[in-house]
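Architecture and fold: a report
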Amino acid sequence: MAETALGHADRTASQQPGLRGIAADWSSDQRAFKNVSWGKAMMWIFLLSDTFIFGCFLLSYMTARMSTTVPWPNPSEVFALHLFGRDIPLILIAIMTFVLISSSGTMAMAVNFGYRHDRRKTAVLMLLTAALGATFVSMQAFEWTKLITEGVRPWANPWGAAQFGSSFFMITGFHGTHVTIGVIFLLVTARKVWRGDYEAGARGFFTSRRGQYENVEIMGLYWHFVDLVWVFIFAFFYLW
Amino acid sequence: MAQAEAQDHGLHGSAVPAPAVAHVEGQQHPVRLYLVVWGWLFILSAGSYSIDYFGLQGYLRWGLIITFMMLKAGLIVAVFMHMAWERLALAYAILVPPLLILVFVTIMVLESDYTELTRILSFSVGP
């Protein structure tokens, strides 16, 4: 019982809605996030800090692009692929976007089935998410290889402003790292779901709260964030 | 009995041995909702890509890029990350601070304009 009380804060009648609720929650003793467990709150705060990291990357890219007097390479042509006898602009990036969005969809479904205690479906959907994530990273590796063989370096490239390479490797590299870590995290969590660790409250990393699938949702928050960052990278780096 | 007790203590559910209602756990929404949002994310991404495919330029291009981007981000945060159903105290704590980045953007736009001007004045070969 004590476990339940710690995990899911009780929704007491005194919780107020709206702006008054914000003031009441923040000025109350001990915990501001009333119906949110520590795990979820901490993941959100981590994601907030990560938002600032990616925000600073995109900002430095903006500054470099705005302040250079050399023309910026046209991403539409740089990332075109020669398919079916013609150059299709940006096609690889478009496919990567759809792959990542699909992985976000499967992750959302996994969270949903987790809360329904459907272990099998949850684990399968998480593994599918991990597979889509791995596909994304492989396509990014292909993209990097292609650009490097074409002569893009952090300090130079054949088409224009030298800062293009440094921004590209920095931003997509950091995002790719996030996806890779996410895939590993997904595999670990999926294995725990499959074995029924959450059902039994087995000892170990984040599993000790019996019968609670909130960790799948917390994992999902991280994964959706990775997709969210890609939305901004796609818009600002590839389309702009 | 249990219900009366719960009311006495001003508690609902957690400290009382499980009436059926207290078993509703976490974020539960119909699967259909996720599929609809998924579909919209596909449509919006296709829209973003077609901006580039059809080579739109200028303010139309930038306006559409930003619009599609914000709509996608909003859907992901609100539905997939369940922010729409969290208490406002959490939503404001997480969503308001990133707005400060916009202040930073303003500062850096001014700064980079100045840098570009200096570069043109100092490094360009004269006419």
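All figures in this text were calculated on a predicted structure; none of them were measured in a lab.

Rules of the game
- Residues numbered from 1 in each chain as written.
- Chains lettered and ligands numbered in written order.
- Predicted model: local features only at pLDDT ≥ 70, side-chain atom pairs only at ≥ 80, totals over all residues.
- Heavy atoms only, no water.
- Helix = DSSP H or I, 4+ residues; strand = E, 2+ residues; numbered from the N terminus.
- Buried < 20%, exposed > 50% of the residue type's maximum accessible area, 1.4 Å probe, protein only.
- Contact = heavy atoms within 4.5 Å.
- Areas by Shrake-Rupley, 256 points an atom, 1.4 Å probe, with all protein chains shown as cover.
- Lys, Arg positive; Asp, Glu negative; His and termini not counted.
- Salt bridge = Lys/Arg side-chain N within 4 Å of Asp/Glu carboxyl O.
- Polar contact = N/O pair within 3.5 Å; in protein donor to acceptor, adjacent residues only side chain to side chain.
- Core = buried A, V, L, I, M, F, W, Y, C linked by side-chain atoms within 4.5 Å.
- Expected span 1.5 Å × (residues − 1).
- UniProt positions renumbered as here; feature names shortened; annotations may be inferred.
- Buried area = accessible area lost by both parts, 1.4 Å probe.
- Nonpolar A, V, L, I, M, F, W, Y, C, P; charged D, E, K, R; others polar.
- Phe/Tyr/Trp six-rings, centres within 6.5 Å; stacked < 30°, edge-to-face > 60°.

Take the overall build of chain B next. A tally of regular secondary structure across chain B gives five helices and zero strands. The secondary structure elements of chain B, listed N-terminal to C-terminal, are α-α-α-α-α. Scored against the burial criterion, the 127 residues of chain B give a buried share of 32%. A sequence separation of at least 24 residues applies to 54% of the contacts in chain B between residues at least 6 apart. Of the accessible surface of chain B, which amounts to about 8000 Å², a share of 72% is contributed by carbon and sulfur atoms.

Attention now goes to the overall build of chain A. Scanning chain A for helices and strands turns up nine helices and two strands. Mapped in sequence order, the helices and strands of chain A form the string α-α-α-α-β-β-α-α-α-α-α. Among the 240 residues that make up chain A, the fraction classed as buried is 55%. Sequence-distant contacts in chain A: of pairs separated by 6 or more residues, those separated by 24 or more amount to 69%. When the accessible surface of chain A is split by element, carbon and sulfur atoms take 66% of a total near 10600 Å².

Residues and elements named next belong to chain A. In this structure, E143 sits in helix α6 (residues 119–149). Of the side chains with opposite charge, K146 comes closest to the buried, unpaired E143, at an N-O distance of 8.0 Å. At 3.3 Å, the side chain of E143 and the side chain of Y238 are in polar contact. What E143 contacts, discounting residues up to four positions off in sequence, is F79, L92, I93, M96, F168 and Y238.

Take the nonpolar core next. Of all hydrophobic cores here, the largest spans 90 residues; its most connected members are F79, M107, M126, W230, F237 and Y238 of chain A together with F80 of chain B. The set of elements that each furnish at least two residues to this core consists of α3 (38–67), α5 (91–115), α6, α7 (163–195) and α9 (214–239) of chain A together with α2 (31–53), α3 (58–80) and α4 (88–95) of chain B. At 18 residues, the largest contribution of residues to this core is made by α9 of chain A. Those residues in contact with F79 of chain A that sit more than four places away from it in its chain are L90, I91, L92, I93, E143, L147, F164, F168, F237 and Y238 of chain A.

As a further point, take α5 of chain A. Residues and elements named next belong to chain A. The end-to-end C-alpha distance of α5 is 37 Å, a good match for the 36 Å that 25 residues give at a rise of 1.5 Å each. Counting buried residues in α5 gives 23 out of 25 residues, a clear majority hidden from the surface. Immediately beyond the C-terminal end of α5, within one or two residues, lies H117, with a positive phi of roughly 60°.

Attention now goes to the UniProt feature "transmembrane region" (unreviewed entry) in chain B. All names here are of chain B. Cross-referencing UniProt, the feature "transmembrane region" (unreviewed entry) maps to residues 33–51, 63–83 and 89–110 in the present numbering. Helix makes up 100% of residues 33–51 and strand 0%, and the two end C-alpha atoms of the span are 27 Å apart. A distance of 26 Å separates the end C-alpha atoms of residues 63–83, which is 86% helix and 0% strand.

Residue and element names in this part refer to chain A. Annotation from UniProt places "transmembrane region" (unreviewed entry) at residues 41–62, 88–111, 123–142, 162–188 and 219–239. With 88% helix and 4% strand, residues 88–111 has end C-alpha atoms that lie 36 Å from one another. Within residues 123–142, the helical portion is 100% and the strand portion 0%, while the C-alpha atoms at the span's ends are 29 Å from each other.

Right, let's talk about the interface of chain B and chain A for a bit. The extent of an interface is frequently quoted as the accessible surface area lost upon association of the parts. The interface of chain B with chain A comprises 56 residues on the first partner and 73 residues on the second. When chain B packs against chain A, the two sides together hide about 5800 Å² of surface, and 72% of this comes from carbon and sulfur. Between the two partners, chain B and chain A, sit two salt bridges. Residue R87 of chain B pairs with D25 of chain A through a salt bridge whose shortest N-O separation is 2.8 Å. If you look at where chain B meets chain A, you find eleven residue pairs in polar contact (both at pLDDT 80 or more). Residue assignment for the side of chain B that touches chain A shows that the elements contributing at least two residues are α2, α3, α4 and α5 (100–123) of chain B. Ranked by the residues each element gives to the side of chain B that touches chain A, the list is headed by α2 of chain B, at twelve residues. Here the side of chain B that touches chain A is composed, by residue class, of 35 nonpolar, twelve polar and nine charged.

For α5 of chain B, which comprises 24 residues, the first-to-last C-alpha distance of 34 Å matches the rise-based estimate of 34 Å (1.5 Å per residue) to within 8%. Every buried residue belonging to α5 of chain B is among I101, M108 and S112 of chain B, and all of these are buried. Where α5 of chain B is buried, its residues contact α3 of chain A.

As a further point, take the environment of Q140 of chain A. Residue and element names in this part refer to chain A. Summarising the element assignment, Q140 is placed in helix α6. Spatially, the C-alpha atoms of Q140 and V231 are 15 Å apart, while their sequence positions differ by 91 residues. The residues touching Q140, leaving out its near neighbours within four places in the chain, are M96, T172, G176 and W230.

Pairing is possible between side chains that carry opposite charge, provided their charged atoms lie close to one another. Enumeration over the complete set of coordinates arrives at seven salt bridges over all chains. Bridged by salt links that share partners, the residues K40 and E217 of chain A together with E86 of chain B form one connected network.

Residue and element names in this part refer to chain A. Using the criterion set out here, one finds 29 aromatic pairs over all chains in the structure. Between F57 and F174, the aromatic rings sit 5.0 Å apart at their centres with planes inclined by 80°, giving edge-to-face as the arrangement. Of the two residues, F57 is situated in helix α3 and F174 in helix α7; the sequence distance between them amounts to 117 residues. We classify F174 as partly exposed; its relative accessible area is 32%.

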